[in-house]
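Coordinate inspection notes
Below, each chain spelled out in residue letters.
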Amino acid sequence: TASGGTRAGGTMAAEAAGRRVSRLRENETLAGVDLPAWAADALRTIYKEEQLRIAPSWSGGYDLAAGGHVGTISLHNPTHPPLDILIEPKVPITNLFLMLTYAHRIVNFGRELSPLATGDDIFDPVVDIFVRQVDDIIRRGIHRGYVDREESATYLRGRLLLARQVRRGPVVVNFEQRVNEFTADLLENRILRAALDLLARARFRDPALRPRVRRALAGFDEATPDAVTAADCDRVVYTRLTELYRSPINLARLFLRYLSLEGSAGETPFVSFLVPMPRLFEQFVARLLGDYVAGRPRLRLEDQWRIWLDEERRLEGRPDLVLKRDGRALLVLDTKYKVYGEKPATADVNQMVTYCHTLGVSDAVLIYPGEGDGGDAYMMKAGVRLRTRPLSLAGTPAAFRARWGE
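Presented here is an overview of the structure given in this document. From a predicted model like this one, the values you see are computed outputs, not experimental measurements. (Residues numbered from 1 in each chain as written. Predicted model: local features only at pLDDT ≥ 70, side-chain atom pairs only at ≥ 80, totals over all residues. Heavy atoms only, no water.)

Here we come to the packing of helix α3 (residues 123–140) against helix α6 (residues 209–218). Relative to each other, α3 and α6 sit at 30 degrees, their axes nearing to 10 Å. Taken together, α3 and α6 sit at an angle that is classed as roughly parallel. The hand of the α3/α6 crossing is left-handed. Residues D124, V127, D128, V131, R132, V134, D135 and I138 of α3 touch α6, and the partners they reach there are L209, R212, V213 and A216. Within the contact of α3 with α6, the residues separate by chemical class into seven nonpolar, no polar and five charged. (Axes fitted to C-alpha atoms, helices over the stretch in contact; angles between N-to-C directions. Helix = DSSP H or I, 4+ residues; strand = E, 2+ residues; numbered from the N terminus. Parallel < 35°, antiparallel > 145°, perpendicular 65-115°, else oblique. Left-handed = near helix turned anticlockwise from the far one by under 90°. Contact = heavy atoms within 4.5 Å. Nonpolar A, V, L, I, M, F, W, Y, C, P; charged D, E, K, R; others polar.)

Written out as structure tokens, the structure reads:
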């Protein structure tokens, strides 16, 4: 799923409305792409090497080398036709969407999944589903609740803050008070508004998406347009009244984390939605194993558990997953989103042995994307039993799902 390669003849293909599109696959190079100099310079400046590398090609034009991110980069300049760079996954597109929805706890696409089978872009379909879920919330009525606020007002309508009022002096005509308001200006709505604000400045291949985003945004005009980050999505506490928000907020987290708008205020000449496949693979495996241990009260799975590798606590390690039994580490698991050769890489082996010694466990598993059954097993002289396990991401969605429980 992650081996590099090179494809030549990177001439931009003409598409609808004068848009030019260049396609390459993750961890592959497209040679000789005909790019304007302004676009090449901007790509080098904006995007990290693990997202996209660009260099002059010996054959003319530029070589585009994709890293482990998949998605869309859209370049817009008022004096040039729009350019899209699509970095396609090696995973079948439908399976990629299943991984996204499962790993990020987004409502199952169900009937929404079938149109994606013929698509080549992950951004527009995800936005389409997000807007549909948000529209459903608007139709039902956005959530409101009671919130305590402190204010200074000319009339008293809440609880007087006596100490603050006294400090302001006897001639002050305003009342310092705490009021309890019934409002829609809640964290859940602010998150959805922030994601919609971001999407309203993005560009889509489907021209019908932008007006739909703007209509949905109008439904959250009561929410404060505060700065919201992906981390704020983890602060939401769901109740029976807000459970409907869970899936769109998980989608909003994707936009807040992976959608990037680069350019001057107003017109945004660069828009990208790039999903890191190594991280997605790790999150997907973590969810699979988390669901497996959920019904086993003695077992617990730790994700990205911070450990110290040295006595002075200066060298930090973060195993992808640690399985615990009755509170004690039992098994270390690490995901490696790369092609597995005849044996694990030396660096991966050394990393797992170090983690095991630090945690005092003797079993470790390396999980790779790939075909086959069972994997390999190695009894290390250091006393660690290391196993490799392939996880196939190929096949039809039905076959892909069927393997999740294996």
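On to the sheet that holds strand β14 (residues 299–303). Reading across from one edge, β14-β17-β18-β19-β21-β20 is the order of the six strands in this open sheet, with mixed pairing throughout. Two strands lie at the open edges of the sheet, namely β14 and β20 (377–379), each paired on one side alone. When the angles between neighbouring strand axes are averaged without regard to direction, this sheet yields 20 degrees. The pairing of strand β18 (residues 328–335) with strand β19 (residues 363–369) spans four bridges and is classified as parallel. Looking across to β19, one finds that D334 is bridged to L366. Those strands touched by helix α8 (residues 277–293) are β14, β17 (321–325), β18, β19 and β21 (385–391), and its axis lies near 165 degrees from that of β14. Strands in contact with helix α9 (residues 346–359) are β17, β18, β19 and β21; relative to β18, the strand with the most contacts, it is inclined by about 165 degrees. (Pairing = 2+ DSSP bridges.)

The next thing to look at is the packing of aromatic side chains. The full count for this structure, using the stated rule, is eight aromatic pairs. With a centroid separation of 5.2 Å and an interplanar angle of 70 degrees, the aromatic rings of F130 and F255 are classed as edge-to-face. Of this pair, F130 sits in helix α3 while F255 is found in helix α7 (residues 246–258), placing the two residues 125 residues apart along the sequence. Its relative accessible area of 0% is what places F130 among the buried residues. Taken together, the aromatic side chains of F123, F130, F204, F255 and F273 make up a single cluster linked through ring pairs. Between R287 and the ring centre of Y102, over which it is positioned, the NZ or CZ distance is 4.3 Å. The ring of W305 carries the charged tip of K324 above its face, separated from the ring centre by 3.7 Å. (Phe/Tyr/Trp six-rings, centres within 6.5 Å; stacked < 30°, edge-to-face > 60°. Buried < 20%, exposed > 50% of the residue type's maximum accessible area, 1.4 Å probe, protein only. Lys NZ or Arg CZ within 6 Å of the ring centre and 35° of its normal.)

A few words now on the pattern of salt bridges. What the rule picks out here adds up to 25 salt bridges. Measuring nitrogen to oxygen at the nearest pair gives 3.6 Å for the salt bridge that ties R139 to D136. Of the two residues, R139 and D136 both sit in helix α3, three residues apart, roughly one turn of that helix. Notably, a salt bridge pairs K336 with D348, separated by 3.7 Å at the nearest N-O pair. Taken as a pair, K336 in the loop between β18 and α9 and D348 in helix α9 lie far apart in primary sequence, twelve residues in all. (Salt bridge = Lys/Arg side-chain N within 4 Å of Asp/Glu carboxyl O.)

Let us look at the side chain of H104. Here H104 shows up in the loop between α2 (93–103) and α3. Residue classification places H104 among the buried residues on the basis of a relative accessible area of 6%. Among the polar contacts made by the side chain of H104, one reaches the side chain of Q283 at a distance of 3.2 Å. Once you skip the residues sitting within four places of it in the chain, H104 turns out to touch N250, L254, L280 and Q283. (Polar contact = N/O pair within 3.5 Å; in protein donor to acceptor, adjacent residues only side chain to side chain.)

Moving on: α9. Between its terminal C-alpha atoms α9 stretches 20 Å, which fits the 20 Å expected from 14 residues at 1.5 Å a residue. Here α9 has its buried residues at D348, V349, M352, V353, Y355, C356 and L359. When α9 is viewed along its axis, its buried side chains cluster within an angular range of 160 degrees and face the same direction. More than 90 degrees from the buried face of α9, the exposed residues found are T346, A347 and H357. Where α9 is buried, its residues touch β15 (307–308), β16 (316–317), β17, β18, β19 and β21. At the C-terminal side of α9, G360 shows a positive phi close to 75 degrees. (Expected span 1.5 Å × (residues − 1). Arc of directions from axis to C-beta.)

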